[in-house]
Amino acid sequence: MYPITYISLPYWNERPKKTIIKSVVLHCSTHEAVPMIKLLKRLHLSAHFVIGTDGRIFQLVPEEKRAFHAGVSRWRNMYNLNHYSIGIELSTPKMGQTAYHETQIKAAMQLCRDLVRRYDIPSANIVAHSDVAPTRKPDPGIMFPWKKFADNGIGLWYDIADAEKVLENDKAVLLEQIGYDTRNPAAASYAFCRHFLPQLVATEDDVTKLIAQVYPPDFNIPDEYLPVLKACAYAFTKSD
Ligand SMILES: [Zn+2]
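Reference entry: report on the structure contained in this document.

What counts and what doesn't
Residues numbered from 1 in each chain as written. Predicted model: local features only at pLDDT ≥ 70, side-chain atom pairs only at ≥ 80, totals over all residues. Heavy atoms only, no water. Helix = DSSP H or I, 4+ residues; strand = E, 2+ residues; numbered from the N terminus. Rg over C-alpha atoms; globule rule 2.2 N^0.38 Å. Buried < 20%, exposed > 50% of the residue type's maximum accessible area, 1.4 Å probe, protein only. Contact = heavy atoms within 4.5 Å. Areas by Shrake-Rupley, 256 points an atom, 1.4 Å probe, with all protein chains shown as cover. Donors = N, O, S within 2.8 Å, 3.2 Å for Na, K, Ca; no water. Expected span 1.5 Å × (residues − 1). 1 Å grid on protein atoms, 1.4 Å probe; cavity = no way out; pocket = protein on both sides within 12 Å on 5 of 7 lines; lining within 4 Å. Points joined across faces, edges and corners; volume = space filled by probe spheres on them. Nonpolar A, V, L, I, M, F, W, Y, C, P; charged D, E, K, R; others polar. Phe/Tyr/Trp six-rings, centres within 6.5 Å; stacked < 30°, edge-to-face > 60°. Polar contact = N/O pair within 3.5 Å; in protein donor to acceptor, adjacent residues only side chain to side chain. Pairing = 2+ DSSP bridges. Axes fitted to C-alpha atoms, helices over the stretch in contact; angles between N-to-C directions.

Some remarks on the overall build of the protein chain
When you go through the protein chain residue by residue, the secondary structure sums to eight helices and 10 strands. At 17 Å, the protein chain has a C-alpha radius of gyration in line with the 18 Å of a compact globule built from 240 residues. The buried share among the 240 residues of the protein chain stands at 55%. Contacts in the protein chain between residues far apart in sequence, at least 24 positions, make up 75% of those at least 6 positions apart. Per element, the accessible surface of the protein chain, about 11200 Å² overall, is 54% carbon and sulfur.

Regarding the coordination of the zinc ion
Listed as protein donors to the zinc ion are His27 (ND1), His129 (ND1) and Asp139 (OD); their distances from the metal cover 2.1 Å. In primary-sequence terms, the residues that donate to the zinc ion follow H-x101-H-x9-D. Of this pair, histidine 27 sits in strand E3 (residues 23-29) while aspartate 139 sits in the loop between helix H3 (129-132) and helix H4 (146-151); the two residues are 112 residues apart in sequence, bridging distant segments of the chain. Residues histidine 27 and aspartate 139 agree in their burial class; the two are buried.

Comments concerning helix H8 (residues 226-238)
In a regular helix each residue adds 1.5 Å, so 13 residues correspond to 18 Å; H8 covers 18 Å between its end C-alpha atoms and thus fits that length. Looking at the buried side of H8, the elements it contacts are strand E7 (74-75), helix H5 (171-178) and helix H6 (185-196).

Regarding empty space enclosed by the protein
On inspection of all chains with the given rule, the structure shows one cavity of 30 Å³ or more. Taken as a whole, the largest cavity holds about 50 Å³ of empty space. Contributing to the lining of the largest cavity are Met95, Gln97, Pro138, Gly141, Ile142, Arg194, Val201, Ala202 and Leu210. Classifying every residue of the lining of the largest cavity by side-chain character gives six nonpolar, two polar and one charged.

What to know about the packing of aromatic side chains
Summed over the entire model, instances satisfying the criterion amount to 12 aromatic pairs. Residues tryptophan 75 and phenylalanine 236 carry aromatic rings whose centres are separated by 6.4 Å and whose planes lie at 75° to one another, so their mutual orientation is edge-to-face. Taken together, the residues span a long stretch of sequence, with tryptophan 75 in strand E7 and phenylalanine 236 in helix H8 at a distance of 161 residues. Exposure class is identical for tryptophan 75 and phenylalanine 236. Each is buried. Here a set of aromatic residues connected by ring pairs shows up, and it is made of Trp75, Trp157, Tyr158, Tyr180, Phe192, Phe196 and Phe236.

Considerations on the environment of threonine 92
Of note, threonine 92 is situated in the loop between strand E9 (85-91) and helix H2 (102-119). Setting aside chain neighbours within four positions, we find threonine 92 in contact with Cys28, Ser29, Thr30, Thr98 and Tyr100. At 3.1 Å, the side chain of threonine 92 forms a polar contact with the backbone nitrogen of glycine 96.

Here's the deal with the sheet that holds strand E4 (residues 49-51)
Pairing is mixed in the open sheet, where six strands are placed in the order E1-E5-E4-E9-E3-E10. The open sheet is flanked by strand E1 (4-6) and strand E10 (126-128), the only strands paired with a single partner. Sheet twist, expressed as the average angle between the axes of neighbouring strands with direction ignored, equals 25°. Pairing analysis gives three bridges linking E1 to strand E5 (residues 57-59), with the strands arranged parallel. Residue threonine 5 lies in a different strand from E5, and its bridge partner there is phenylalanine 58. Contacts from H2 reach E3, E4, E5, E9 and E10 within the one sheet, and its direction differs from that of E9 by about 175°.

None of this, on its own, says anything about what the molecule does.
Right, here's the structure in full:
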C-alpha cells in the first residue's frame, strides 16, 4: 500500500442516496501539493486526493463523501460528476503541458488501480476534468499519460485497427458514444483531442490564457483523424 498524508478539508457533503462511486476525475493545478490544498481551502473547494510532483499523496476528503472538484459536468449518463466520482488533483507547473514526473505518475497509477479495484469502476469512467466539463476546463492537460494508464489497466485507449468495425461517420455521434456532452461541438471535439490526439492541441506559454480560452470556438476534428475517433468509440462502446 502507498503512504497517504491526511489533511482534512471541511468542503464536502453527502453523496445523493443510493449513489455509487463509479468514476475517477483527474485534474491538475500549477501549485505544489501543500499550496494547492491551501488554495482549495480558500476557495471552499476540495478533491479527495492531491498528488505532489514528488509523488506524495494527500487525502483531503473521505472517499465516501462528495468532494467539490468537478463543478457543472457531464459524462455518459452521469450529470454532476461530483455525485459519482473520486477527484484527484495533480501538481504540475504548466497545467499538464510539460511531462509529468515519473514518481508522481507511479503514485497516481497505484492510487487509481486501487480505487478501480475497490469500487469496480468501469474503464470508460476514468476521465479528465476536460472530458466532463469541455467548455470550461483544460486539465489535466495534453501531457497526461492516458495511454500509459490504459496499458496499466486504468481507463481506455484505442486500437486504430478497430476503426473499420465502426460504420458511424458522424463526429458528434461518435463523441456522444464515447461519453462527451456535445451541446458545444467545438469544445467536445477539443476535449477529445486533449485526451486522445494531444498533438492537435495548441500549447500556451501563458497558463492563464489556457484557462481563459479552453477551446478554439470553430474547432473541428480534421477528417484525417476520423479513424481515431471511430476506434475510440469502438473501445468505449465495447467496454459497456
Ligand atoms: Zn480540474
